[in-house]
Amino acid sequence: MFFKLTSSAICIVSFSFGLFPLNGQNPADMPMRQVMSEAQQLIGEGDYASAAPYLDQLEIRFAGEGNPEVEKILEQFGYVRGVGYLQNFGKTGDMSNMQKAADAFAKFVGKYPENENAVAAMQQRTTCLRALQKWDEAAEVIEELLDEDKPFKKKILRRSDLMNLYYGRAQCYHIKQNWRSGEKAFEELLKFADLAKDEDRAAYAVSCMVEMFVKEKRIDEVFPLLPRLSADTPARFDLRLNVNLMQGAEVLKEKDRQVEASLLFALTMTTEEIVTFYTAREKEISYEIDQIQSFIDSQGRRLPPKRIMSLKSRINELAMKATSARSHLKLAKNTPSFTTVLRWRKADNFQACKREWESFWAFYWLYRDFPDHEMAENFIYAAFASANTVKFREKSIELGEEYLANKELLKFRADVTFIMANAYRKEVVSQMEIVEELQASLATVDKEKAAAAKAKADEYQARFFELCEDFLDVMPEHKYSREFIGMMGAEFFKRQEFDKLLNKFAGFENGTFNPSLGYANKKELQGTVAMGRINYMSGLALLASGNYDAAKPFLGAVVGVSIKGLPLDEAAIEEE
């Protein structure tokens, strides 16, 4: 919008203020005719930003004239000044210009409500107020513009202008969490966006409704909307939407609706994904602004004023989007990452759904991606346990050995060691079955297979004892220490290796008691639950070896009675 000052208006101004010689480029020091000439030229070119200081000066000089023609000029200045501040904001990003624009539009509408630009000024003001995060004030103005009983809406002819108003109103209520007023606003935005085939705005309406339903615990109303959240729109990467999707999934999981919860978990974006999206979006918008501005700078003199105005309006629009993107980006960067929480909950939900393989890989890569996280011990144990559930022996051993190699990990050490020791013990049995099956064969290939199986069995047997001994060194007071003594004792008895048992448990070396050897003499095991099993196994081994007198102190310590004369044909222990 630009205007042409009449010759009579110039005469009136000249008579009132007189003509002064040119005295520098400051508008305050310029003669009235030059100020008006400069303002007129810049407005004619659509360069309201550059015209703003001249318009400010004219308003100061016109103030209090009371002349109808002067008043008419001031009326024309009112709307243009607001647009000028917006253009300045587009150039500099200085939010003070946004506040000045909002004030200018409000002043213009208040003073000239019947002006043909009054509705446009109200629209521009709502944009400024939203950029300034004055949500309640912006919503009030938008409601007035969209009120069917008031004359404003009928004057808004462009569908894009109405779309911006519906979107702006929904945004205000969404930000303020005003669900009572917001529900109708979200529904109307969705309806209008669908009619206009605007997927971005429709996605935003849906994201608002999803958040509202989660907050108000109306979870079942979310599901019909989920297909609309599949596109990569800015609304899809709203931080609060994704936090609420995760929370909604947790609500469903707690209600044993894990399959439905998995849908919400799958849709939830991480903070890192949100940061990546808005970083790229801010760069794209800034690049487009620079391109348009470069085009205006290089080709502006050849373009018609309306084209220049259109391009500058586009810059203003993009500047708003850039501000919004930076706001989202800052919020995402300042929000503690919930990526590990989300991935843990996804994996746990897979487990609850009996999707065991998906659960295993989810836990596995959670640990691999975050090995130094404060919850890393939980991550690796969950992956280890899942590997055992799906009988993925290779990964089970890989994770178990990695856990046990870190002596600082104690929370699940008992369980991991117990599972690993049992696994190796079972592997010994499997390999020895191969040996027994092939030992009678005369074929060279079979003999080689038997030899390899025997070597593996010995390797696994050694690792079994190593794990048990390591646990007793690290956690001698744990309740599982008794079970590890029992497992080792069972293996010694199975192989009838009584000398090895007595050496390791009781400290017998070449038939002679050595008080510096054996678990029975180990200070850390004294008074623990393991000591009873150590004495019991040692006593049985001595009995099996025919050394009844030596067995008495060990068995007496367990049963508390004399066992002199106790007949014992065969010593054995039942494997637990």
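The residue count restarts for each chain, going from 1 along the sequence in the order it is written. With the structure being a predicted model, the display of local features is reserved for residues of pLDDT at least 70 and the display and counting of side-chain atom pairs for 80 or more, all residues being used for whole-chain, interface and lining totals. Derived side-chain values reflect all non-hydrogen atoms in the structure, with water molecules and hydrogen atoms excluded from consideration.

Things to note about the overall build of the chain
Looking only at helices and strands, the chain features 25 helices and two strands. Burial classes follow relative accessibility: with a 1.4 Å probe on protein chains only, a residue under 20% of its type's maximum area counts as buried, one over 50% as exposed, and anything between as partly exposed. Per-residue burial for the chain yields a buried fraction of 49% across its 576 residues. For the chain, restricting intrachain contacts to residue pairs at least 6 apart in sequence, the fraction spanning at least 24 positions comes to 59%. Total accessible area on the chain stands at roughly 29,700 Å², and carbon and sulfur atoms take up 51% of it. A run of H or I in DSSP counts as a helix once it spans at least four residues, and a run of E counts as a strand once it spans at least two, with each numbered from the N terminus. Here, residues are in contact when the closest pair of their heavy atoms is within 4.5 Å. The Shrake-Rupley method, run with a 1.4 Å probe sphere, supplies the accessible areas, and residue values consider only the shown protein chains as cover.

Focus: helix α9 (residues 159-175)
Helix span, as expected, comes to 1.5 Å for every residue beyond the first. An ideal rise of 1.5 Å per residue puts 24 Å on 17 residues; α9 measures up with 24 Å between its terminal C-alpha atoms. Gln-177 sits one or two positions beyond α9 and adopts a positive phi of about 60°.

Topic: the environment of Leu-555
Structurally, Leu-555 can be placed in helix α25 (residues 548-559). For Leu-555 and Leu-543, which are 12 residues apart along the polypeptide, the C-alpha to C-alpha distance reads 9.7 Å.

Thoughts on the packing of aromatic side chains
Side-chain rings of Phe, Tyr and Trp, where Trp is taken by its six-membered ring, are said to pair if the distance between their centres is within 6.5 Å; with planes under 30 degrees apart they count as stacked, over 60 as edge-to-face, and otherwise as tilted. Using the criterion set out here, one finds 31 aromatic pairs in the structure. On the basis of an interplanar angle of 90° and a centroid distance of 6.3 Å, the ring pair of Trp-357 and Phe-360 is categorised as edge-to-face. Highlighted residues: Trp-357 and Phe-360, both in helix α17 (residues 356-369), separated by three residues, approximately one helical turn. Note on Phe-360: relative accessible area 0%, which makes it buried. Every member of this aromatic cluster is reached through a ring pair, and the members are Trp-357, Phe-360, Trp-361, Tyr-364, Trp-365 and Phe-392. Directly above the aromatic system of Tyr-167 lies the positively charged group of Arg-201, at a separation of 3.9 Å from the ring centroid. Look at NZ for Lys and CZ for Arg. If either is within 6 Å of the ring centre and within 35 degrees of the ring normal, a charge sits over the ring.

Things to note about the packing of helix α21 (residues 444-474) against helix α22 (residues 481-495)
Each axis is a line fitted through C-alpha atoms, taken for helices only over the stretch in contact, and angles between the N-to-C directions span 0 to 180 degrees. Packing of α21 against α22 brings their axes to within 9 Å, and their N-to-C directions diverge by 150°. Relative to α22, α21 is oriented roughly antiparallel. Viewed along their axes, α21 and α22 form a crossing whose handedness is left-handed. Seen from α21, the contacting residues are Gln-461, Phe-464, Phe-465, Cys-468, Glu-469, Phe-471 and Leu-472; seen from α22, they are Ser-481, Phe-484, Ile-485, Met-487, Met-488, Glu-491, Phe-492 and Arg-495. Classification used: nonpolar for Ala, Val, Leu, Ile, Met, Phe, Trp, Tyr, Cys and Pro, charged for Asp, Glu, Lys and Arg, polar for all others including Gly. Residue composition of the contact of α21 with α22, grouped by class: 10 nonpolar, two polar and three charged. Oblique is the label for any angle not covered by the other classes, which are roughly parallel (under 35 degrees), roughly antiparallel (over 145) and roughly perpendicular (65 to 115). By definition, turning the near helix anticlockwise from the far helix through less than a right angle yields a left-handed crossing, and turning it clockwise yields a right-handed one.

Digging into the side chain of Asn-378
By the secondary structure assignment, Asn-378 is in helix α18 (residues 376-389). Overall, the relative accessible area of 15% leaves Asn-378 in the buried class. With sequence-adjacent residues up to four places away left out, Asn-378 is seen in contact with Trp-344, Lys-411 and Phe-412.

Quick look at the environment of Lys-354
Looking at the element boundaries, Lys-354 is found in the loop between α16 (339-352) and α17. Residue classification places Lys-354 among the exposed positions, given a relative accessible area of 66%. In this structure the C-alpha to C-alpha distance between Lys-354 and Gln-258, which are 96 residues apart in sequence, comes to 9.8 Å.

With respect to the confidence of the model for the chain
Looking at the chain, pLDDT values average 84 and 89% of them are 70 or higher. The predictor rates its confidence in each residue with pLDDT, a number between 0 and 100. Across the chain, α17 holds the top mean pLDDT of 95, while helix α1 (residues 7-17) sits lowest at 36. With pLDDT under 50 throughout, residues 1-24 is counted as low confidence; its partners more than four residues away or in other chains account for 48 contacts. Confidence over residues 561-576 falls short of pLDDT 50; this stretch has 21 contacts with residues more than four positions distant or in other chains.

Here we look at the nonpolar core
Of all hydrophobic cores here, the largest spans 84 residues; its most connected members are Phe-105, Leu-145, Phe-186, Leu-189 and Val-210. No other element matches helix α11 (residues 199-215), which puts 11 residues into this core. With 66 residues, the next largest nonpolar core counts Phe-360, Ile-380, Met-488 and Phe-498 among its residues. What we call a nonpolar core is a set of buried Ala, Val, Leu, Ile, Met, Phe, Trp, Tyr and Cys residues that are connected through their side-chain atoms within 4.5 Å.

Considering the pattern of salt bridges
Within this document, salt bridges are pairs made up of a side-chain nitrogen of Lys or Arg and a carboxyl oxygen of Asp or Glu, the two lying within 4 Å of each other. Taken as a whole, this structure holds 38 salt bridges when the rule is applied. Of the charged contacts, one joins Lys-321 and Glu-317 as a salt bridge, the two residues approaching to 3.7 Å between their closest N and O atoms. In this pair, Lys-321 and Glu-317 are both assigned in helix α15 (residues 305-334), four residues apart and thus about one turn of the helix distant. For Lys-321, a relative accessible area of 30% gives the class partly exposed. Classification of Glu-317 as partly exposed rests on a relative accessible area of 39%.

Some thoughts on a nonpolar patch on the surface
Each patch is built from residues lacking any salt bridge and having more than 30% relative accessible area; the joining distance is 9 Å for like charges and 5 Å for nonpolar side chains (Val, Leu, Ile, Met, Phe, Trp, Tyr). Together, Trp-357, Trp-361 and Trp-365 line one region of the surface with nonpolar side chains, adding up to about 350 Å² of accessible area. Tracing the chain through its elements places Trp-365 in helix α17.

Comments concerning the packing of helix α6 (residues 118-131) against α9
Running from amino to carboxyl end, α6 crosses α9 at an angle of 35°, the nearest separation of the two axes being 11 Å. Handedness of the crossing formed by α6 with α9: left-handed. Residues Gln-123, Thr-126 and Arg-130 of α6 lie in contact with α9, whose contacting residues are Asp-161, Asn-164, Leu-165, Tyr-167, Gly-168, Gln-171 and Cys-172. Tallied by class, the residues present in the contact of α6 with α9 amount to three nonpolar, five polar and two charged.

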